[in-house]
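Reading the structure
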There are 2 protein chains.
Amino acid sequence: MDSRADDALELLGLVAYVELATFGRFTADAVHAPTLRERQALSRSAGEVLARQERVLGRIEEVGADPLGRMGAFDGVLDDFDARTVPSTWWEGILKGYVGYGVAVDFCRLAADGLDDPDRDLVAGVLAVGERVERSATVIAEAAASDPVLASRLALWGRRLVGEALGVVQRLLAERGAFARLVARTAHDVPDDRRQAWVFAQLTAEHTRRMGRLGLAA
Amino acid sequence: MDSRADDALELLGLVAYVELATFGRFTADAVHAPTLRERQALSRSAGEVLARQERVLGRIEEVGADPLGRMGAFDGVLDDFDARTVPSTWWEGILKGYVGYGVAVDFCRLAADGLDDPDRDLVAGVLAVGERVERSATVIAEAAASDPVLASRLALWGRRLVGEALGVVQRLLAERGAFARLVARTAHDVPDDRRQAWVFAQLTAEHTRRMGRLGLAA
């Protein structure tokens, strides 16, 4: 298998793992949702995430690779992030899912720009559908609007989350050559030694927009 | 709304709630699955359960009723069962999902025989798809086959589970007239005072078959 095809499989494996982790996050939030309405909404979001993940696994299989193996290469990659960001309230858990997933999706999208079609199209499509998973955003935005103390606590928590999430991205770029190569193809006009800073700037800007949509200071 | 239509809505609400609870059970088991393979398999089962549940909610909406309200009427109906059957191991949790869901599905199926079409067809179809959710069964059967101590503990746990599950059925029949009427239509040749015993006999027989498929004594 040539290097470009293998880089694509690395990213597909990461996308599948991130979506499986997100599914787990949403379902855990669903179980503890304060009302049946929120429980149903979060469960529905989780179901959509899993359906997308299955499309990615299907693509890995289609090119003759092992879906579980490719996804399994990233098993545990979020454990450190999870251990360092244990939510102390249901709201913090919801925001964690939203921010953590947001950063992961933005990173995968940046890296996917370095893929060839049809993988680039597939990942973009899978992650674009992800933008519809805005139900938790509505839940947070409504609560924050009516409770300034909650809003200020969640803003602080959001800064903590994005810092830890960028730490995961940094490790992925350092430890997995495929991602550094994909990002280099995406940002080919950015000098090598500025590329990580460029990635962080993109991800931070997206995070700021995302927090703004929640009515929270980034 | 006539009584038959309302009885149908009662059952559809129960089916939707049971499927949502099952979704939660599977996803909780998925998070703690010992391997990524089992985690993916249980997540997939959960996704299938939720897709079925959405079909039921869609039908409730189609006839002009409130899906969340109809489902919400049963919110908490499994809390007592859950509190009385807290699994002490991951395996007990898996078996709980399998047995608890099995009894619930069998009861809903019995009651659905008392519905008119298209609801009878819908519920039968939704619950038949459920039979494909046998991944946790395979996981249990394999583990039980290779570990007689585990098998014997799980057999005991299964008896505990089915007893508690039948308790839930008994309360539903006593407290919700719709289910007694639906079962009466299903088992119209069984005398009124023997009908609950008849329901229990059906459910117990199905449970015995189910445990047999796992290689466990019922």
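Residues and elements named next belong to chain A. Within this structure, the stated rule accounts for seven aromatic pairs over all chains. The interplanar angle of 45 degrees and the centroid separation of 5.9 Å between the aromatic rings of Phe-74 and Phe-179 together place this pair among those described as tilted. With Phe-74 in the loop between α3 (67-72) and α4 (79-84) and Phe-179 in helix α9 (residues 177-186), the pair connects residues that are 105 residues apart, well separated along the chain. Phe-179 matches Phe-74 in its accessibility class, with the two residues each being buried. Each member of the aromatic cluster is reached from another via a ring pair, and the members are Phe-74, Phe-107 and Phe-179. Lying over the aromatic face of Phe-74, Arg-176 brings its terminal NZ or CZ to 4.6 Å of the ring centre.

Turning our attention to the side chain of B:Gln53. Considering the arrangement of structural elements, one finds B:Gln53 in helix α2 (residues 36-62). With a relative accessible area of 0%, B:Gln53 lands in the buried category. Once you skip the residues sitting within four places of it in the chain, B:Gln53 turns out to touch A:Gln40, B:Ala16, B:Glu19, B:Leu20 and B:Met71.

The next point concerns the packing of helix α1 (residues 3-31) of chain A against helix α5 (residues 90-112) of chain A. All names here are of chain A. Direction vectors running N to C along α1 and α5 enclose 165 degrees, while the axes themselves pass 10 Å from each other. One finds that α1 runs roughly antiparallel with respect to α5. Pair α1 / α5 crosses with left-handed handedness. Within the contact between the two elements, α1 uses Leu-11, Leu-14, Val-15, Val-18, Glu-19, Thr-22, Arg-25 and Asp-29 and α5 uses Trp-90, Gly-93, Ile-94, Lys-96, Gly-97, Tyr-101, Ala-104, Phe-107, Cys-108, Ala-111 and Ala-112. Taken together, the residues of the contact of α1 with α5 break down into 12 nonpolar, three polar and four charged.

Here A:Asp117 and A:Pro118 are connected by a cis peptide whose omega angle stands at 10 degrees. On the secondary structure map, A:Pro118 appears in the loop between α5 and α6 (119-130).

Right, let's get into the packing of α1(A) against helix α2 (residues 36-62) of chain A. Residues and elements named next belong to chain A. Where α1 contacts α2, the axes come no closer than 8 Å and their chain directions differ by 160 degrees. Considering the angle they form, α1 stands roughly antiparallel to α2. Crossing of α1 against α2: the hand is left-handed.

Attention shifts here to the relation of the copies chain B and chain A. Under the fitted operation, chain B is carried onto chain A by 0.0 Å of movement along the axis and a turn of 180 degrees, and the coordinates agree to an RMSD of 0.0 Å. Given the turn and translation reported, the copies of this chain are related as if by a two-fold rotation axis. Closest to the rotation axis within chain B is the C-alpha of B:Gly47, separated from it by 2.7 Å.

Here the focus is the environment of B:Arg160. Residue and element names in this part refer to chain B. With respect to the element layout, Arg-160 can be found in helix α8 (residues 148-175). Look at Arg-160 and you get partly exposed, because its relative accessible area is 41%. For the pair Arg-160 and Thr-85, spaced 75 residues apart in sequence, the C-alpha to C-alpha distance is 7.9 Å.

A separate point is the interface of chain B and chain A. Taken together, the 23 residues of chain B in the interface contact 23 residues of chain A. At the boundary of chain B with chain A, total buried surface from both sides reaches about 1900 Å², with 63% on carbon and sulfur atoms. Area buried by chain B at its contact with chain A is led by B:Leu36, B:Gln40 and B:Leu68, which between them contribute 30% of it. The tally of links from chain B across to chain A stands at two salt bridges. Among the ionic pairs, B:Arg44 bridges to A:Glu54, the shortest N-O distance being 2.7 Å. In this assembly, chain B and chain A are joined by four residue pairs in polar contact (both at pLDDT 80 or more). Contributing elements (two or more residues each) for the side of chain B that touches chain A: α1 (3-31), α2 and α3 (67-72) of chain B. Among the elements that take part in the side of chain B that touches chain A, α2(B) stands out by supplying 12 residues, more than any other. In the side of chain B that touches chain A, the residues fall into 11 nonpolar, seven polar and five charged.

Our next topic: the environment of A:Ala112. Residues and elements named next belong to chain A. Of note, Ala-112 is situated in helix α5. The class for Ala-112 is buried, based on a relative accessible area of 3%. Each C-alpha atom of the pair Ala-112 and Ala-124 lies 7.2 Å from the other, and the pair is 12 residues apart in sequence. Excluding residues within four positions of it along the chain, Ala-112 makes contact with Leu-11, Arg-120 and Val-123.

With that settled, consider the nonpolar core. In terms of nonpolar packing, the biggest core is built from 147 residues, with A:Leu11, A:Leu95, A:Phe107, B:Leu11, B:Leu95 and B:Phe107 touching the most fellow members. Ignoring sequence-local partners within four residues, the contact set of A:Phe107 consists of A:Leu14, A:Val169, A:Leu172, A:Leu173, A:Phe179, A:Val183, A:Val199 and A:Leu203.

Rules used throughout
Residues numbered from 1 in each chain as written. Chains lettered and ligands numbered in written order. Predicted model: local features only at pLDDT ≥ 70, side-chain atom pairs only at ≥ 80, totals over all residues. Heavy atoms only, no water. Phe/Tyr/Trp six-rings, centres within 6.5 Å; stacked < 30°, edge-to-face > 60°. Helix = DSSP H or I, 4+ residues; strand = E, 2+ residues; numbered from the N terminus. Buried < 20%, exposed > 50% of the residue type's maximum accessible area, 1.4 Å probe, protein only. Lys NZ or Arg CZ within 6 Å of the ring centre and 35° of its normal. Contact = heavy atoms within 4.5 Å. Axes fitted to C-alpha atoms, helices over the stretch in contact; angles between N-to-C directions. Parallel < 35°, antiparallel > 145°, perpendicular 65-115°, else oblique. Left-handed = near helix turned anticlockwise from the far one by under 90°. Nonpolar A, V, L, I, M, F, W, Y, C, P; charged D, E, K, R; others polar. Least-squares fit on C-alpha atoms with pLDDT ≥ 70 in both. Buried area = accessible area lost by both parts, 1.4 Å probe. Salt bridge = Lys/Arg side-chain N within 4 Å of Asp/Glu carboxyl O. Polar contact = N/O pair within 3.5 Å; in protein donor to acceptor, adjacent residues only side chain to side chain. Core = buried A, V, L, I, M, F, W, Y, C linked by side-chain atoms within 4.5 Å.

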